[in-house]
Amino acid sequence: MTNLKPIVEPIVEIGRLTAELVALAQISEAEPPIVTRIVFSEADLRARAYVKNLALAAGLAIREDAVGNTFLRWAGAEPDLPAVATGSHIDAIPNAGAYDGTVGVLGGLEAIRSLQAAGFRPRRSIELVLFTSEEPTRFGIGCLGSRLMSAVMTPDHATTLRDKEGRSLDELRAEAGFIGDLSSVTMPAGYYHAFVELHIEQGPLLEREGLELGIVTHIAAPASLRILIEGEGGHAGAMLMPDRHDALAAASELILALEAAAKSTGVIDTVATVGVCEVFPGAVNSVPSRVRLETDIRDTDSARRDGVLAKLRSVAKEVAERRGVRISLETVNADPPATSDPAILNALEASIADAGKTSRKMVSRAYHDSLFVARFAPAAMLFIPCRGGVSHRPDEYASPEWITTGVEVLARTLAQLAQ
Ligand code: GLV
Ligand code: MN
Ligand code: MN
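Predicted model, so just to flag it, every value in this text is computed and none were measured. (Residues numbered from 1 in each chain as written. Chains lettered and ligands numbered in written order. Predicted model: local features only at pLDDT ≥ 70, side-chain atom pairs only at ≥ 80, totals over all residues. Heavy atoms only, no water.)

(A) Highlighting the site of ligand 1. Around ligand 1, a shell composed of Glu134, Glu135, Arg298, Ala366, Tyr367 and His392 is seen. Contact distances for ligand 1 include 2.7 Å between an oxygen atom and a side-chain N or O atom of Arg298. In the model, an oxygen atom of ligand 1 is placed 2.8 Å from a nitrogen or oxygen of the Tyr367 main chain. Protein burial of ligand 1: of its 190 Å² of free accessible surface, 91% is covered by the chains. Tallied by class, residues from the shell around ligand 1 come to two nonpolar, one polar and three charged. (Near = heavy atom within 4 Å. Polar contact = N/O pair within 3.5 Å; in protein donor to acceptor, adjacent residues only side chain to side chain. Areas by Shrake-Rupley, 256 points an atom, 1.4 Å probe, with all protein chains shown as cover. Nonpolar A, V, L, I, M, F, W, Y, C, P; charged D, E, K, R; others polar.)

(B) Region of interest: the sheet that holds strand 9 (residues 221–230). One open sheet accounts for four strands, arranged 11-13-9-14; its pairing is antiparallel. Edge strands, defined here as strands with exactly one partner in the open sheet, are strand 11 (271–280) and strand 14 (326–334). Between one strand axis and the next, the sheet turns through 15° on average, direction left out of account. This element, helix 9 (residues 302–323), spans strand 9, strand 13 (290–299) and strand 14 of the sheet and lies at about 5° to strand 9. (Pairing = 2+ DSSP bridges. Helix = DSSP H or I, 4+ residues; strand = E, 2+ residues; numbered from the N terminus. Axes fitted to C-alpha atoms, helices over the stretch in contact; angles between N-to-C directions. Contact = heavy atoms within 4.5 Å.)

(C) Structural context of the coordination of the manganese ion (ligand 3). Here the manganese ion (ligand 3) is held by His89 (NE2), Asp100 (OD) and His199 (NE2), and the distances to it run 2.0 to 2.3 Å. In primary-sequence terms, the residues that donate to the manganese ion (ligand 3) follow H-x10-D-x98-H. In this structure, the manganese ion (ligand 3) lies 3.7 Å from the manganese ion (ligand 2), and both are coordinated by Asp100. One end of the pair, His89, is in strand 4 (residues 83–89); the other, Asp100, is in the loop between strand 5 (92–96) and helix 3 (102–117), and eleven residues separate them in sequence. Each of the two residues, His89 as well as Asp100, counts as buried. (Donors = N, O, S within 2.8 Å, 3.2 Å for Na, K, Ca; no water. Buried < 20%, exposed > 50% of the residue type's maximum accessible area, 1.4 Å probe, protein only.)

(D) Geometry of the layout of surface pockets. By volume, the largest pocket amounts to about 1400 Å³. Considering the residues around the largest pocket, the lining is formed by 49 residues, among which Pro136, Asp296, Arg298, Tyr367 and His392 are closest to the centre. Of all the secondary structure elements, the ones that give two or more residues to the lining of the largest pocket are strand 5, strand 9, strand 11, strand 13 and strand 16 (359–364). Among the elements that take part in the lining of the largest pocket, strand 13 stands out by supplying five residues, more than any other. Of the residues belonging to the lining of the largest pocket, the class tally is 16 nonpolar, 17 polar and 16 charged. What the second largest pocket holds in volume is close to 220 Å³. Lining the second largest pocket are 17 residues, with Leu21, Val22, Ala25, Ala98 and Tyr99 positioned closest to its centre. For the lining of the second largest pocket, the elements supplying multiple residues, two or more each, are helix 1 (14–26) and helix 12 (400–418). When residues of the lining of the second largest pocket are assigned to their parent elements, the largest contribution, five residues, is made by helix 1. Residues belonging to the lining of the second largest pocket are distributed by class as follows: 13 nonpolar, three polar and one charged. (1 Å grid on protein atoms, 1.4 Å probe; cavity = no way out; pocket = protein on both sides within 12 Å on 5 of 7 lines; lining within 4 Å. Points joined across faces, edges and corners; volume = space filled by probe spheres on them.)

Quick look at the structure:
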């Protein structure tokens, strides 16, 4: 904690930022207020153009990499020093709201503009990053851009990615204007001096406790599995019960077993969800022959999470034998948790004290691009409350006051780290 005079008093223009958040939310594949912005869709490309124009107006230089990660740079007095970065994503899952990711992108831009307005001149460059496809909707895996930046995903693996229509990442990124070798996306260690992501909490704690900010010390470890269950279909009237190998009945056992395994850790940090269940042939009078599940399992402790995965695998083996069905499990990702950088946490705490705001330390149960940036740069996150803890829904909401506080503290932190 510092007793020194703050190095800058940022001038945040919340009216401008609120109008920009509203305008960005209008760029949607669904009828507003529903925000749906799948990566490389026409809406995503229009939203990117909107943000880039705002960045140009603020005098930032634009660079885009081969997968569409976008870097908007305010040059510092010593531009060859590793830069200080902030940023998040603007893609949105189907039926989403206006604040997830966008607060970190447009709020990051406003933080830069608030420092410019205050006459601050950074020594290190300050870079706003817009990450490609933080959401897993199109390619089935989250944080695509930052995964490639951190080399957690290899270019060879990325080349195998396809969307539901069978279109490849390579084809779609080229169509969106992002060309070049995916290996060039990898960021060298030392490229960033520090990275701080501003985001809505997506949980209820800050609002419930009447606190203005969350200092994220850890990000939970996410894992995702695709499960294919193959049984035997047939006529729903004529196929006798003792003869059945119903894929959906088997899937139901797995879903409940996964829920029980997550609960059995006795720890609130373990969560597991089956968010996709596709039934074939999907007719009321036909016994399901095939089911495809997608599961999401997370924990702050990766060993505990892996324990849940192991239980699921053993139940799958037992159910397959007992019911005479085939069950295959494919790991989509099983990422380790991230720990925030202590020096950035100190900078955040000092900025919060300078701004006279209230805060608590917390873990992020949602994943973010910071999970992967932390692999190649010192990183941390700053949370603001969101109403009722609601996120990934059209009624997601963060008040202008909450956003102003987040942007002001982000700006102070960027200034400290860049001076
Ligand atoms: C990110 O959107 C997540 O699912 O945590
Ligand atoms: Mn999200
Ligand atoms: Mn997000």
